[in-house]
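Here's the letter readout for the chains.
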Amino acid sequence: QKEVEQDPGPLSVPEGAIVSLNCTYSNSAFQYFMWYRQYSRKGPELLMYTYSSGNKEDGRFTAQVDKSSKYISLFIRDSQPSDSATYLCALVSGGYNKLIFGAGTRLAVHP
Amino acid sequence: NAGVTQTPKFRVLKTGQSMTLLCAQDMNHEYMYWYRQDPGMGLRLIHYSVGEGTTAKGEVPDGYNVSRLKKQNFLLGLESAAPSQTSVYFCASGSTQRTETQYFGPGTRLLVL
């Protein structure tokens, strides 16, 4: 079993839709949860992070962590074509801030 | 302030050839990392460094060597390239003060024939 599971998609939605992206993880010791966005042929960039459980909101983006279910989500409201990218969940594993990534979900928002 | 830069952007190698990928950061970060990204597998950690002169193995270190002679540079070497090392390689750096943030370079695309 992989430590982090993420459906690779692709996910295609119309502009304005609410998008839900999800990951599950196996190790209950994880405390830091990140979402990275990666545009085609670019490096990942940090979108949001959450420490422990709960929700965090930033504009149209909401990150949610449910530690009891080992489930993390990223919601995008009013999706835009500029949101078309691959979204990677990542968890900090062990010391020195090492990251374990999900496979990434490719999202396409069409006008 | 360039952030994290990687050299080269793209390279084609023949099986058995060697090469070095260079990563440089100008944020005075202690931590640096090398990842590879393959289709459907996300990013996997190859090697990392927690300070000048230190290196450690990550999840997939076989076939790679690294060096960190200067704090701002982290080199990834392939001594004898194999087709299985065809991938996109990303370097990242991070601060000891902020657990949540790693800054990634633009990537190096490597094709091994």
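Up top you'll find the structure we're talking about.
As the structure is a computational prediction, the values presented were derived from the model and not from experiment.

A. Geometry of the sheet that holds strand E7 (residues 61-66) of chain A. Residue and element names in this part refer to chain A. Strand order in this open sheet of five strands is E1-E3-E8-E7-E6, and the pairing throughout is antiparallel. Two strands bound the open sheet, and with one partner strand each, they are strand E1 (4-6) and strand E6 (54-58). On average, each strand axis in the sheet is tilted by 15 degrees relative to the strand beside it, whichever way the strands run.

B. Inspection of the packing of aromatic side chains at higher detail. For the structure on display, the rule yields twelve aromatic pairs over all chains. Considering the side-chain rings of Phe101 of chain A and Tyr35 of chain B, the 5.6 Å spacing of their centres and the 90 degrees angle between planes classify their relative orientation as edge-to-face. Of this pair, Phe101 of chain A sits in strand E10 (residues 99-101) while Tyr35 of chain B sits in strand E4 (residues 31-37), placing the two residues on different chains. The exposure class assigned to Phe101 of chain A is buried, which follows from its relative accessible area of 7%.

C. Inspection of the interface of chain B and chain A at higher detail. The interface is formed by 22 residues belonging to chain B together with 20 residues belonging to chain A. Interface of chain B and chain A: buried area, both sides summed, is about 1,800 Å²; carbon and sulfur atoms make up 58% of it. For the pair chain B and chain A, the interface holds zero salt bridges. Here chain B is connected to chain A by five residue pairs in polar contact (both at pLDDT 80 or more). For the side of chain B that touches chain A, the secondary structure elements donating two or more residues are E4, strand E5 (43-49) and strand E10 (102-104) of chain B. In terms of residue count, the dominant contributor to the side of chain B that touches chain A is E4 of chain B (four residues). Among the residues forming the side of chain B that touches chain A, the class breakdown is eleven nonpolar, eight polar and three charged.

D. Spotlight on unusual backbone geometry. Of note, the bond from Gly9 of chain A into Pro10 of chain A is cis; its omega dihedral lies within 30 degrees of zero at 10 degrees. Relative to the helices and strands, Pro10 of chain A resides in the loop between E1 and strand E2 (11-14). Cis rather than trans, the peptide bond between Thr7 of chain B and Pro8 of chain B has omega equal to -5 degrees. Within the fold, Pro8 of chain B resides in the loop between strand E1 (4-7) and strand E2 (10-13). Even without a glycine there, the phi angle at Arg41 of chain A is positive, about 60 degrees. One can find Arg41 of chain A in the loop between strand E4 (32-38) and strand E5 (45-51). The residue Asn97 of chain A is not glycine, and still its phi comes out positive at about 55 degrees. Checked against the element boundaries, Asn97 of chain A lands in the loop between strand E9 (85-92) and E10. On the basis of relative accessibility, which here comes to 10%, the residue Asn97 of chain A falls in the buried class.

E. View of empty space enclosed by the protein. Residue and element names in this part refer to chain A. Under the defined criterion, the tally for this structure stands at one cavity of 30 Å³ or more. When its volume is computed, the largest cavity comes out at roughly 30 Å³. In terms of lining, the largest cavity is formed by Phe33, Trp35, Thr50, Ala63, Gln64, Val65, Ile72 and Ser73. Of all the elements in the fold, those that place two or more residues in the lining of the largest cavity are E4, E7 and strand E8 (71-76). For the lining of the largest cavity, the element with the highest residue contribution is E7, accounting for three residues. Looking at the lining of the largest cavity residue by residue, the class counts come to five nonpolar, three polar and no charged.

F. Main features of the pairing of strand E11 (residues 105-110) of chain A. All names here are of chain A. Alternating positions in E11 separate cleanly, Thr105, Leu107 and Val109 being buried on one face and Arg106, Ala108 and His110 remaining unburied on the opposite face. Where E2 lies against E11, four bridges are found, and the strand directions are parallel. Note that in E11 the partner of Val13 across the bridge is Val109. The pairing of E9 with E11 spans three bridges and is antiparallel. Note on E11: the bridge partner recorded for Ala85 is Leu107.

Cut-offs applied
Residues numbered from 1 in each chain as written. Chains lettered and ligands numbered in written order. Predicted model: local features only at pLDDT ≥ 70, side-chain atom pairs only at ≥ 80, totals over all residues. Heavy atoms only, no water. Pairing = 2+ DSSP bridges. Helix = DSSP H or I, 4+ residues; strand = E, 2+ residues; numbered from the N terminus. Axes fitted to C-alpha atoms, helices over the stretch in contact; angles between N-to-C directions. Phe/Tyr/Trp six-rings, centres within 6.5 Å; stacked < 30°, edge-to-face > 60°. Buried < 20%, exposed > 50% of the residue type's maximum accessible area, 1.4 Å probe, protein only. Contact = heavy atoms within 4.5 Å. Buried area = accessible area lost by both parts, 1.4 Å probe. Salt bridge = Lys/Arg side-chain N within 4 Å of Asp/Glu carboxyl O. Polar contact = N/O pair within 3.5 Å; in protein donor to acceptor, adjacent residues only side chain to side chain. Nonpolar A, V, L, I, M, F, W, Y, C, P; charged D, E, K, R; others polar. 1 Å grid on protein atoms, 1.4 Å probe; cavity = no way out; pocket = protein on both sides within 12 Å on 5 of 7 lines; lining within 4 Å. Points joined across faces, edges and corners; volume = space filled by probe spheres on them.

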